[in-house]
Amino acid sequence: MIHRNRLRIAAQKSGRLSDPARDLLSRAGFVFRQSRDRLFCFGETFAIDLLLVRDDDIPGLIGQGACDLGIVGRNVVMEQSLAARRNGGDTPCVELLALGFGRCRLAVAAPERMPYSGPADLEGVRIATTYPELLRRWLQEAGVDARIMELAGSVEIAPSLGTAEAVCDLVSSGATLAANQLLELATVFESEAVLVGPAEPLMGVRAGLLDDLVRRIAAVLSVRDTRLLMLRAPRVRLDEVRALLPASSSAIVMSVEGSADEIAIQAICPGDVGWSELEGMKRAGAHSMLVMPVERMLA
Ligand code: PRT
Ligand code: ZN
C-alpha cells in the first residue's frame, strides 16, 4: 500500500532508460537513498520515492496503484494500453510529460530483396515483432492484411531463420538492422521516454507533490539546451553584434567600468551557440566570448 503523503515513481532498474532517468531526477534536485536490495530508493530531499523494476512492469504497477508515476518508453505505454483496450480493460496509465531521451522509432524492415513501394506490399507478409498491438493498429490504418508473428525477442534474425519475411522492431541508430542486412521500410511509431501517471488524477497532498515534480522536471528540460553567452564589443558596433545573437535570445547590454568605448553583453540563448556564430560575431567586432551551459533557471 502506498503511503498517503508520499509519491512513488517506478523507473527501469537496468537498461537504456535507467541512467538518463536517474540523471534527470537528480538534476531536478531529487536525492535518493538506495535500499540494500537496490529496488527501493527512499527520497531524502522530497516525499518522492523510487522503485526500480523492469520497464514492461511499469504501466501495470501504476494501473494497480502500486506506484503513482513512472518513467518509461512511450512504445511500452502505448503497446500495453492498446492490449488492455483490446481485452476490454482500462488504460493502465497516461502520459504526463515527454522527457526527450530514449528516442527511437518502431519500424518495419525487411531484407533488401523484398520489393517495397508502400504498405500495400506487406499484404500477406509475415512480420516478426515484440510489438503486436502497435503493428496491428498501423496495419489496420493502412488497410493491409499482414501476418503478425509475435516473438519474445531477437526479432531481427527472423528473416534469416525463415520464420518471417519482415520485422517490426525498435530502431535508434539503425546499426542492428544494417548488421542483419535489413532495410528500414516504414515508421510505425515514434517513441521517447515519458513520465506517466494514473488515468485517475491524484488528489490532496500527492497532487501537490506531482505538481512540484512536473514543474521541476519541466524546468530542467527547458534549460537543457540553453546557453549563457557573454561577450564584449566596441560600443559603436553594438547594433551589428546584437543582430548576430541567436534568434530569441534575451540579452542585456552593460557598460564596462573604466572603458567608455566598450560594452558587455550577457545573453540567454535557447540553443547551443556554435563556432560559426561566434566567428560571425567576432567579425562584427565582438571579443572575449564565453559560452556556458545553464544548470538551473527560475524566472
Ligand atoms: O530489462 P528491461 O525489460 O527493463 O529492459 P528492456 O531490455 O526491455 O529494454 P531496453 O533497456 O532495451 O529499452 C528500454 C527502452 O529504451 C525501450 O522501451 C525504448 O523506449 C527505448 N529505446 C531507445 C530502445 C532503443 N532506443 C533501441 N535501440 N529500446 C531498444 N532498442 C533496441 C532495438 O530493439 C534493437 O534491438 O536496440 C536495437 C537497435 O538499436 P540500433 O541503435 O542498432 O538501431
Ligand atoms: Zn523490457
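Residues numbered from 1 in each chain as written. Chains lettered and ligands numbered in written order. Predicted model: local features only at pLDDT ≥ 70, side-chain atom pairs only at ≥ 80, totals over all residues. Heavy atoms only, no water.

### Some details on the nonpolar core
(1) Moving on: Within the largest apolar cluster, 33 residues are counted, with the highest numbers of intra-cluster contacts made by Leu122, Ile127 and Trp138.
(2) Moving on: Of all the elements in the fold, those that place two or more residues in this core are strand E4 (48-53), helix H2 (58-63), helix H3 (74-86), strand E7 (104-111), helix H4 (132-142), strand E10 (166-171), strand E11 (182-191) and strand E12 (193-197).
(3) Moving on: Ranked by residue count, the leading element in this core is H4, at four residues.
(4) Moving on: In this view, tryptophan 138 contacts Val108, Tyr116, Pro119, Leu122, Ala186, Thr187 and Val188; residues no more than four positions away in its chain are not counted.
(5) Moving on: Judged by nonpolar contacts, the second largest core, of 30 residues, contains Leu7, Cys41, Leu213 and Ile217. (Core = buried A, V, L, I, M, F, W, Y, C linked by side-chain atoms within 4.5 Å. Buried < 20%, exposed > 50% of the residue type's maximum accessible area, 1.4 Å probe, protein only. Helix = DSSP H or I, 4+ residues; strand = E, 2+ residues; numbered from the N terminus. Contact = heavy atoms within 4.5 Å.)

### Here's the deal with the side chain of threonine 129
(1) Moving on: In this fold, threonine 129 is placed in strand E8 (residues 126-129).
(2) Moving on: Taking the relative accessible area as the measure of exposure, threonine 129 reaches 0% and is therefore buried.
(3) Moving on: Ignoring anything within four residues of it in the chain, the contact list for threonine 129 reads Leu135, Ile148, Met149, Glu150, Leu151, Val155 and Cys168.

### Examining the packing of helix H1 (residues 18-27) against helix H7 (residues 204-223)
If you want to describe how two helices pack, look at the angle between their axes and the distance between the axes.
(1) Moving on: Relative to each other, H1 and H7 sit at 105°, their axes nearing to 9 Å. Between H1 and H7, the crossing angle belongs to the class labelled roughly perpendicular. Contacts from Leu24, Leu25 and Arg27 of H1 reach H7 at Leu213, Ile217, Val220 and Leu221.
(2) Moving on: A breakdown of the residues in the contact of H1 with H7 according to their chemical character gives six nonpolar, no polar and one charged. (Axes fitted to C-alpha atoms, helices over the stretch in contact; angles between N-to-C directions. Parallel < 35°, antiparallel > 145°, perpendicular 65-115°, else oblique. Nonpolar A, V, L, I, M, F, W, Y, C, P; charged D, E, K, R; others polar.)

### Re H4
(1) Moving on: Those residues of H4 lying buried are Pro132, Glu133, Leu134, Leu135, Trp138 and Leu139.
(2) Moving on: Looking at the packing, one finds that the buried side of H4 touches H3, E7, E8, strand E9 (147-150), E10 and E11.

### Concerning the site of ligand 1
(1) Moving on: The full set close to ligand 1 counts 21 residues, and Arg54, Asn75, Ser173, Gly174 and Thr176 are the nearest of them.
(2) Moving on: One of the side-chain N or O atoms of arginine 16 is found 2.8 Å from an oxygen atom in ligand 1.
(3) Moving on: Contacts to ligand 1 include arginine 54, whose side-chain N or O atom sits 2.7 Å from an oxygen atom.
(4) Moving on: The fraction of the free accessible surface of ligand 1 (830 Å²) that becomes covered by protein chains is 78%.
(5) Moving on: The set of elements that each furnish at least two residues to the shell around ligand 1 consists of H3, E10 and helix H6 (175-179).
(6) Moving on: Of all the elements, E10 adds the most residues to the shell around ligand 1, at three residues.
(7) Moving on: Here the shell around ligand 1 is composed, by residue class, of six nonpolar, nine polar and six charged. (Near = heavy atom within 4 Å. Polar contact = N/O pair within 3.5 Å; in protein donor to acceptor, adjacent residues only side chain to side chain. Areas by Shrake-Rupley, 256 points an atom, 1.4 Å probe, with all protein chains shown as cover.)

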